[in-house]
Structures are given as C-alpha cells and as structure tokens.
Amino acid sequence: MNELPTFLLDGEEVPFTPGQTVLQAALTAGRYIPHLCYHPEFTPHGSCKVCTAKVNGRTAASCTTPAEAAVEVESNTEELNDTRRTLVQMLFAEGNHFCPSCEKSGNCVLQALGYDLGVMTAGFRHLFPDRPVDASHPEILLDLNRCILCELCVRASRDVDGKSVFALAGRGLTKHLIVNSESGRLADTDVAVTDKAVAVCPVGVILRKRVGFAVPIGERRFDLRPISARALEDAPRKPGESDRA
Amino acid sequence: MATSPADAVAQEQETLVRRIVARWRHDPSCLLQVLREVQEACGFLPPPALTLIARSLRLPLARVRGVAGFYSFLATEPRGVYRVLFSDNVTDRMQGSERLMSEMCHRLWVEPGKVSEDGLVSIATTSCTGLCDQGPGMLVNGRPIGRLSSERIENLSRLMLERRPVEEWPADLFEIEDNVRRADILLGHGLAAGDAIRAALRRGTQGRSERPANERSWREAYVGAALGPVAVLEEVKRSNLRGRGGAGFTTGIKWEACRHATGITRYVICNADEGEPGTFKDRVLLTSHADLLFDGMTVAAYAVGASKGFVYLRGEYGYLLERLNSVLERRRHENLLGQGILGQPGFDFDIEIHVGAGSYVCGEESALIESLEGKRGVPRNRPPYPVTNGYLQQPTIVNNVETLCAAALVAVQGGDWYRSIGTLKSSGTKILSVAGDCARPGLYEYPFGVTVRQVLEDCGAERTQAVQVSGPSGICVDVTEFGRRIALEDLPTAGAFTIFDTSRDMFEVARNYTQFFAHESCGFCTPCRVGTSMLLGSMEKIRGGNGTLHDLREIARLNKVLLMSAHCGLGHTACNPILDTMKKFRPMYERRLRSRDFAPAFDLDQALARARQMTGRDDAGAHLENQP
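Residues numbered from 1 in each chain as written. Chains lettered and ligands numbered in written order. Predicted model: local features only at pLDDT ≥ 70, side-chain atom pairs only at ≥ 80, totals over all residues.

(A) Expanded view of the overall build of chain A. What chain A contains, in helices and strands, is seven helices and ten strands. For 245 residues, the compact-globule estimate of 2.2 N^0.38 gives 18 Å, and the C-alpha radius of gyration of chain A, at 19 Å, lies within 12% of that figure. Counting only residues that meet the buried cut, chain A has 45% of its 245 residues in that class. For chain A, the share of sequence-separated contacts (at least 6 apart) that also reach a separation of at least 24 residues comes to 64%. (Helix = DSSP H or I, 4+ residues; strand = E, 2+ residues; numbered from the N terminus. Rg over C-alpha atoms; globule rule 2.2 N^0.38 Å. Buried ≥ 20, exposed ≤ 12 C-beta atoms within 10 Å, placed from the backbone. Contact = placed C-beta atoms within 7 Å.)

(B) Here's a closer look at the overall build of chain B. Check the secondary structure of chain B and you find 26 helices and 14 strands. Radius of gyration (C-alpha) of chain B: 26 Å, near the 25 Å computed for a compact globule of 628 residues. Expressed along its principal axes, the backbone C-alpha trace of chain B runs to roughly 105 × 80 × 45 Å. A total of 628 residues make up chain B; the buried ones form 52% of that total. Taking the contacts inside chain B whose residues are at least 6 apart along the sequence as the reference set, 72% of them involve residues at least 24 apart.

(C) Representation of the pairing of strand β8 (residues 350-355) of chain B in the model. Residues and elements named next belong to chain B. Note that strand β7 (residues 308-313) and β8 share six bridges and pair parallel. Of the residues in β8, the one forming a bridge with tyrosine 312 is histidine 354. The handedness of the β7 to β8 crossover, carried by helix α13 (residues 321-333), is right-handed. (Pairing = 2+ DSSP bridges. Right-handed = clockwise from strand over helix to strand, strands pointing away.)

(D) Looking closely at the sheet that holds strand β4 (residues 58-61) of chain A. Residue and element names in this part refer to chain A. An order of β2-β1-β5-β3-β4 is seen for the five strands of this open sheet, with the pairing classed as mixed. Two strands lie at the open edges of the sheet, namely β2 (12-15) and β4, each paired on one side alone. The average angle at which neighbouring strand axes cross in this sheet is 35°, direction not considered. Two elements, strand β1 (residues 6-9) and strand β5 (residues 72-74), share two bridges in a ladder whose sense is parallel. The residue bridging leucine 8 from the neighbouring strand is glutamate 72, located in β5. (Axes fitted to C-alpha atoms, helices over the stretch in contact; angles between N-to-C directions.)

(E) Seen up close, the domain arrangement of chain B. Looking at the assigned domains, one finds that chain B contains domain 1 (5-68), domain 2 (82-177), domain 3 (195-419), domain 4 (429-503), domain 5 (507-590) and domain 6 (602-628). Computed from C-alpha coordinates alone, the two centres of domain 4 of chain B and domain 6 of chain B are separated by 49 Å. (Domains from an automatic or database assignment.)

(F) Looking closely at the sheet that holds strand β11 (residues 442-447) of chain B. Residue and element names in this part refer to chain B. If you walk across this open sheet you meet the six strands as β5-β11-β10-β14-β12-β13, and the pairing is mixed. Single-partner strands in this sheet number two, and they are β5 (180-182) and β13 (475-478). Here the strands of the sheet are splayed against their neighbours by 30° on average, with no regard to which way each runs. Across four bridges, the pairing between strand β10 (residues 429-436) and strand β14 (residues 496-501) is parallel. Bridge pairing in β14 links alanine 435 to threonine 498.

(G) Seen up close, helix α14 (residues 365-372) of chain B. Residues and elements named next belong to chain B. Of all eight residues in α14, eight are buried; the element is thus mostly enclosed. Among all positions in α14, only Glu365, Ser366, Ala367, Leu368, Ile369, Glu370, Ser371 and Leu372 are buried. Of the surrounding secondary structure, the elements contacted by the buried residues of α14 are α2 (31-42), β6 (267-272), β7, β8, α15 (386-389) and β9 (396-400). Directly after α14, the chain includes glycine 374, whose backbone phi takes a positive value near 80°.

Structure (structure tokens):
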C-alpha cells in the first residue's frame, strides 16, 4: 500500500494523506516532533512555535504547514532543538511556574517538554506577572499564573462544548485568558466539570477541585514515560495499524 | 414612576448602542466598528454597553471583551473628558515630545497613563501618529495636532481647563500640511476623478476594435467589453508594479491569482493602516488624492471581478473619515461607484471605510482581514493566502494606498510607460516620507534608484550619521552606505526615511524602536510576545548602566529565536534596529556596558527604598554598602 505521497523527515520518508500538516503526518507515522499547543483532536493553530521545523530550508511551524510531496523537513537538529529549548524557557519566564507545589506536576506538558528537551536553567529573567486565581466555581479552580496561552481551552469550549466559556483579551505581554460572564468569574459561566475545555488544559490552569494529588507524584503520566513517547501513543492511527514503537 | 438619573443614562446608552448596531446591519463582522463608534459617543466602553453589543450581535461577551482589549485605542475604563495621546515616535522625541508631555502633565495635574482626579483629562503616549514632518504630534479625542511647542501646550492646557469642547477650539490648531517637496508622476498626476476608470473601460473597447470588421455586432461588443478586465490586468502585469507597503510583491500576479481563484465573490481591500513609524505618505494621498485612490480601487475591482471594496483606515487617521466618505458619496452621484459604473453593464462596485483602533500588526494583510471581520488583529496561518481565502474566506486582494494610486496611473498610461521609469526590478516611483534632522521634511517622490545621498541633499540634511530606511523594521544605513539606492534590489522601503545627525544617540533610537515592537506585538506567538519584552528588558538594563557582554549575547540569542520561529514580520524584524545599530555604532553600546561579564538587572539597594520610606530611615545603616 505505497500509494500515499511522502516527504522526507530528517532523511526518512513519511507518508501523508493530502490535507494533513507536517506534524500530523509525522505523528501518524510514529515520528515525534516536539509540540505544545497542538492537540490531535483540534485544528492546529500554531502559536507556541515549539514544533518549528525547517521545510525545504525555511523555518515554519510544522503543525500548520501543509504536508507536500517530496519536501525535505529537518526537525531533530541541534539548532531547532535549541530554539525549542529557548521557547520553553520563555514560557517558564513569562508565567509563575512553581513545579514542586503544582498539582499538575508530572502531568504537565510544559514541564514534560522541559525535561525531554533538556532545559536545565531558567535562561531568562523571570517576569513574575501579577495574575489572578479564580476559585469561585464549586468544582473547578482557575489558576492563571500557569497559563501558557495555548488556547486549547478556547478551542475546546467553542468547537467541542459549544459554549465559548474561554476567550483571550489584551495583547502582547498583557494577553490573558478571560471567561464568558458579566462578572468575569468562572462560577457565573455555564462551564461544567465534564467539559472538554476543563480536561484539555495541558498545564495547571484549569484544575478539578477535590481530586488533587489522587495519583502520587512520581507515578504520573510523564513520570513514567517521557512526552516524546506519550505523544506518539496519543497520535491518531488508522484502524488496525499498530504502534511502531 | 420616576426614573433615576442613572436609569436615564442607561436608557440613553441602550438607545445609542441599538442605533449603532443597526447602522452596521447587526453584522458581527462589524464588531470593531460598533465598538469604535460606541466609544466615540460614550468616551469609553462601559460594561453594560459591551453586554448589550454582545447580545445584539449574538456574540459571546468574552469575545467582545477580547476584541475590545486588543486595540490600544479602545478603553474599557473611564477616561478623561479630554483624551490626549502624545505621538511617541523617535522623531517626536527628537523634537522634544517627552519634555512637552511632562509640561502638560504638570499644568493639568495628571500623571502619564492616568486620568486626572477631576476626570478632566487623561494623558498617555501612542505609537507614531504620522505627523513626523510637522511634529511633535498628538491626538486629542482623535483629532491630530502637530508642531507642538511649549506655547501650544500652554494654550491647549488652558482650553482644557476652561472645558471648551474640542469642536470649538481654534481651527489652526488642527491644521495639517501636506508638505509635498518633490512631486513626480504620482503626486503630480493631474488626473480628474474617473479618468483611470474611463481609460480602463477603453482598453476593453480597444480589444474589440482589433477584431475583424465583419465580426462586429452587439454580441462582439459585449465580448469586447469582457476583454477589458483582462486588458487592464495585462497592463498592470506589464508595468511590473510591485507592492508599496514594503514587501514588494508583484501586483499583477496578486490580481491575477485573485481573478482566477474560485469563490462566491471577490474583494478589493485598500491597506490604509500606515503604521510603520516614520511613514506618512498615505496621510497625504488620502487627504489630497482620494479620487486617484478610489479610481485605483475601482480599476482593481474591474480587473479582478470584485463588487465590494474596503478601505482599512488606521485609527490615527480617523479624522479623515468624514471627508473620505463625502468623496465616496460624490462618486456615487457621478456613477463612478454603484451599479453599472459609467454605463458599463455588470460593472458594480462600492467601497466601505472601516477604521482601525491602534494596532500596528493590522498592517499585515491577513491580520488586517481578521480585524475587518471584527476580530482580534492576529495574522493568520498561511497558506492559504488572501488571494484565495481572504475576507470571509473569499478571494481578496489587499493593496497599499500608494500601490492602488500607481495602478490608476498604469490604467491611464499603460504598463510600458510605467516600466520605463525607475530601475530594472523596481519600476515607477516611490514616495519617501522624509523626517528627522533635515531642513525640509515632507514627501519626496523619486523614480526608483535614487541614492540616499541625493535625498539627503534635496531635503537639506547636514552632519548626517545615519538614515533609518523603512522604519524600525527596515535598515539603518550609515555614512559609508549613502551611495546605496532606494529600490527593491538594494534598499527596499515602505517609505519611511528618518534622518539622524551626529548629535543623536543611536542607542536611544534603537531603544525607542524596541519599545515600539514590544508595545505592538499582538502576543499570538511565544517568541514575539515574550521575546520583544525580553529585548526591551536588555535594552533598559544596558541603559541603566548594568549591561554586560552577557546582555549583548542574549540579544543575539533572542534575535535567532525570533528569526527562526516568529509568526509574522513584526517578530522577524524586531531585533533589526538593535543589531544594525550595534554593528554600525558599537561604541554607543560599549560605553554603557560595565566591564564585568555579568551584572544583575536587579538593584538590591533600590529594592530597599520602599522599606526606607515606610520606616522613615535614610541613614547609612539603611543602605547596602556600595559595591566596588
């Protein structure tokens, strides 16, 4: 079944179905490109830029770049991984991230990427922004200190839950997440703890209350296997196709 | 039942919002226009008004707030009766804007960025207002005032303290000059309204006359007319006209791609979001050559087959809206717009003006389209490009004001004529916005290929040490490069030509530009959102005397990441001013550096200032020892 067109990823052929982006095709084929704001269930939107790769020599976010036959994609190079490390450092410096006291530790995509990419230092001056915590909702906690502005909750609430509970306001460094209620409080929105938007948060911003630390640190998702392995397990596969890993 | 005054205000506000929403056809894609007009009437955007707007446009409130929070001219907190914005381009600063602003703050008892205690006035800075040739400039309640001086500041302050409505202020305060110093084919076009459209239509009939006589019938006449658009497109392609907004994309190819794209309808958009600091040519074209622009847009619509056009006018030029709308109205009466333009069946086209609200990124064509659709002005992922998936996902061309004006000239005089002017790869002329240290700032139109030296001579610049070509995102050229030419093959430019003489500190120029990028970053992508602020942090640290070689290395590192991964041109070029000036004027950086390899930006002794203030102590024991 070699009918699918292919492109080269770090010198190896990757088949793709027309319409797929470089990252989607790579993950489907069991090839990992580090990424953060991309989620297999949502339309890629390309804001975090962690998945930046070189496509025919030009850098582009691989999650939004359409796959094309015969193009050459470079991803696993020192130069690109260094850029990714810097981007992850920027996100750590931008927010208030204190992994040891965070409920998401071990399940956090930002933290897992940091480990997997070998981010050993802060790298930048921390900005220590003044950001609120919204505990108004009886079942859901919103801690904006950890928001990385990936917009997954915005997309999930709008496209899956059909509610548009979350949106972005401000711009530049003052860009921030807001919720859809007159009071601006989460309790006054129509969010439900079962919403996709609540489950999809990759970091410790949208947390379910009263279930904290149910799984001990050390036994969590990325404690067991690095994010590069987990991402491939989560990638959509054609029915019947087994993991290459 | 008696109504309270608060109820009456709420009632009034509701009527107002409903009227504005109705005027914009209850169309959610007009959200930005609705917000702008509600703010104009209320002074700011009160929370109940936002709720009502969201409800009437059937949008989530969070989305309305998200849009209101994106644009720097929209305010969700009350502001002063008088809203003063000082233009903060480097040329304004060179002309003393910072001193003038503190003078005004002092006279009116207000802190920058805040509203005065009595609610009378708020004073803040804004990105370049396009008055660099007659600065320092400011906007008061959206109206421009140039040539600021201590005397003017005193007058203005008095008018405000007397609470005189802005409409009653002396008219000479608001006088804006064109300052055209050198006119060539464009600024000296001499065409009347509609000339370019008539010429375009004639190209269709010329196509018919070339056919054999025995084929002549009404049917052929119609076919001949249908050839018109293609004939015009051919002329534009032959002219090799390239985009004047800075990127230099070939206009004919853009138009052809749009014409051939499949869609329900097509759009022509004029990018009048002239936001590059130091550029003001579009201000003059919109003020004095609006008919030529609208002719150009109509010719473009004829060539690509569009029936609707938009002008996206930058918020800073909002004062031109009324005049531009009256020109459009006159053109409708003259059958230069509307149904069957100039009697040509099927040639239907009209233009609507949308006004921006303070966002530089919206000058990027896909961000402009997002803004035009009433969203946050964030550049889209491309492909697909606007020529196939533009406004409302339909085929769309977005062209700069100057490009469309030049296209009108091509329609009249033909592509070969246009191509005969300028250089091999850059045909035609370019209007330069000359400002900074020179005797005669203003507009200079030259055929492409003019040297930097020639321009400096013509505008009376002396002891020049550097010229910033094309604004902060452009190139800084020093004395050794004044022989270089303005052309796409050498120094491409959107038009800004900012001159610095030997008295200027190029480090401060770069710092001003870095502040601009950090302020204007839309925040969509990580590298630009965080990186531009980190850059500014490094520049402030160096300025404060705490910089080391480590900081210069960090700038280089940030540049690499921005170049490799930023979402749009803003991020890609954000480091240019620093890198250019660091390369060409390195002593201006090095004399600020401390020799040590690393020094913290954090000043431990300064951090204790608050504690000293609270305890009323200032003795030696309350200070850390000065470090060697």
